[in-house]
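Notes for the structure review
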Amino acid sequence: MDLAYTQEEQEFRARLREWLAKVLPELPPQPSPDDWPGRRAYDLGWQRRLYDAGYAGLHWPVDAGGRGASPTQHLIFLEETERAGAPYVGANFVGLLHAGPTIAAEGTAEQRARWLPPVLRGDEVWCQGFSEPGAGSDLASLRTRAVRDGDAYVVTGSKIWTSHAEIADWCELLVRTDPGAPRHWGISWLALPMDAPGVTVRPLRTLAGSTEFAEMFLDEVRVPVAHRVGEENDGWRVTMVTLSFERGTAFVGEVVACRRTLAGLARTARANGRWDDPVLRRRLGRLHGEFGALWRLTQWNVSAAQRSGGVPGTGGSVFKLAYSHARQELYDAAAEVLGAGSLALEEEWVRERLSSLSYTIAAGTSQIQRNIVAERILGLPKGR
């Protein structure tokens, strides 16, 4: 990837900065973290502003409703919005970063026309229905059944850790359509309307006190066959596309956020005298190097995805493995900089530190990522 910016890219950055400086002061106050209807409205409102200004789905293909921007423009957008303190995707996370890109890559023309514009406009929210109580990291062991009945599937089962389920309109849902097939071959990827009869959602409270996850119970829910993305029983391959987006490009904005947090910690350490500790200085310096390397890896992954038709490759597992551990260490270092009173400081620090613990599990555990790196990148034999 050429890391030198062209005149066009510099002009794009300047226009974006100008727009952000104008629009961000006009935003209403952010709702409470526990006010999910309020957060949905706030996040959808921000997405609509991006859409009206031409920044929604910046890097999506033009035929999927995006602008077909270059990888460098995409990264400039992420850098500038994060540095300006603009809202992140929030409740739009699954639609914009998982389901939407998957449908853009694998969906029919009719499916793309139905589901992608509402995501980009900020009209609809998606949730993710992959994991089950007995199928987390071993996702292929899922048991939620989908039995074909004419032009619909009748779905029965349960999901857990269903992101944003209580405010979602649609769910990217994995189901078993052929229980007699080998477990990776009997799965299908469906788009489930969350208001369908038989869908029950029960929010789960995390360690950080949030309820962005939920249990979801499906009792003979009818899902049209037309809502299947990909062929029947080919859902595992489609799922790998989804997970490639989740691991490869979905966290890139957060790398910029972590670098900004790290710079803030260094300023705080200088102000409160902790900078005099050489061990702490080395720790912060090492983290600075790690997040700098992660940003370069991000640039490489985004460029590689662009060259391969938009779908990230297995390099996303390298990124996700390194990032999840670096993020945990960042917030451990934050506690060291802020001292014993850090738990009494503003709630955001505490929530982010607790949230960082989940990153070695989210989007596939670190153990799963190591297996992928070993087998698919290094070519090592599979473990027993």
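For the structure, check the block above.
Residues numbered from 1 in each chain as written. Predicted model: local features only at pLDDT ≥ 70, side-chain atom pairs only at ≥ 80, totals over all residues. Heavy atoms only, no water.

**Quick look at helix α2 (residues 36-53)**
This is how the line gets drawn: Secondary structure is summarised from DSSP: a helix means a run of H or I of at least four residues, a strand means a run of E of at least two, and numbering begins at the N terminus for each. In a helix, the anticipated span is given by 1.5 Å times the number of residues less one. Each residue gets one of three labels from its accessible area relative to the maximum for its type: buried under 20%, exposed over 50%, partly exposed in between, using a 1.4 Å probe on protein chains only. Residue contacts follow a heavy-atom distance rule, with two residues in contact if any of their heavy atoms lie within 4.5 Å. Here a polar contact is taken to be a pair of N or O atoms separated by no more than 3.5 Å, where protein atoms must pair a possible hydrogen donor with a possible acceptor and residues adjacent in sequence count only if both atoms sit in side chains.
The end-to-end C-alpha distance of α2, which contains 18 residues, comes to 26 Å, matching closely the 26 Å that a straight helix rising 1.5 Å per residue would cover. For α2, every residue scored as buried is listed here: W36, R40, Y42, D43, L44, W46, Q47 and L50. Here the buried face of α2 lies against α1 (7-23), α3 (71-83), α4 (93-106) and α5 (109-121). Among the residues of α2, the N-terminal cap falls to D35, whose side-chain oxygen and the backbone nitrogen of G38 are separated by 2.9 Å. Looking one or two residues past α2, G54 carries a phi angle of roughly 85°, positive in sign.

**Re the packing of aromatic side chains**
As a reminder, the rule being used: By convention, a stacked pair of Phe, Tyr or Trp rings (six-membered ring in the case of Trp) has centres within 6.5 Å and planes under 30 degrees apart, an edge-to-face pair has planes over 60 apart, and any other such pair is tilted.
Under the counting rule described, the total for this entry stands at eight aromatic pairs. With a centroid separation of 6.2 Å and 65° between ring planes, the pair formed by F12 and Y55 is classed as edge-to-face. With F12 in helix α1 and Y55 in the loop between α2 and α3, this residue pair connects regions lying 43 residues apart in the sequence. Given a relative accessible area of 2%, F12 falls into the buried group. On the basis of relative accessible area, Y55 is assigned to the buried category, the value being 8%. Measuring from ring centre to ring centre gives 5.8 Å for W161 and F213, while their planes differ by 80°; the resulting arrangement is edge-to-face. Pair noted here: W161 is in the loop between β3 (152-159) and β4 (170-176) and F213 is in strand β7 (residues 213-224), with a separation of 52 residues, a long-range link.

**Focus: the pattern of salt bridges**
Here the idea is simple: oppositely charged side chains can pair when their charged atoms come close. Rules: The salt bridge definition used is simple: a Lys or Arg side-chain nitrogen within 4 Å of an Asp or Glu carboxyl oxygen.
Summed over all chains, the structure comprises 21 salt bridges. In this structure, the salt-bridge partner of D123 is R121, at a minimum N-O distance of 2.6 Å. Note that R283 and E336 form a salt bridge whose closest N and O atoms lie 2.6 Å from each other. Taken as a pair, R283 in helix α8 (residues 278-307) and E336 in helix α9 (residues 315-338) lie far apart in primary sequence, 53 residues in all.

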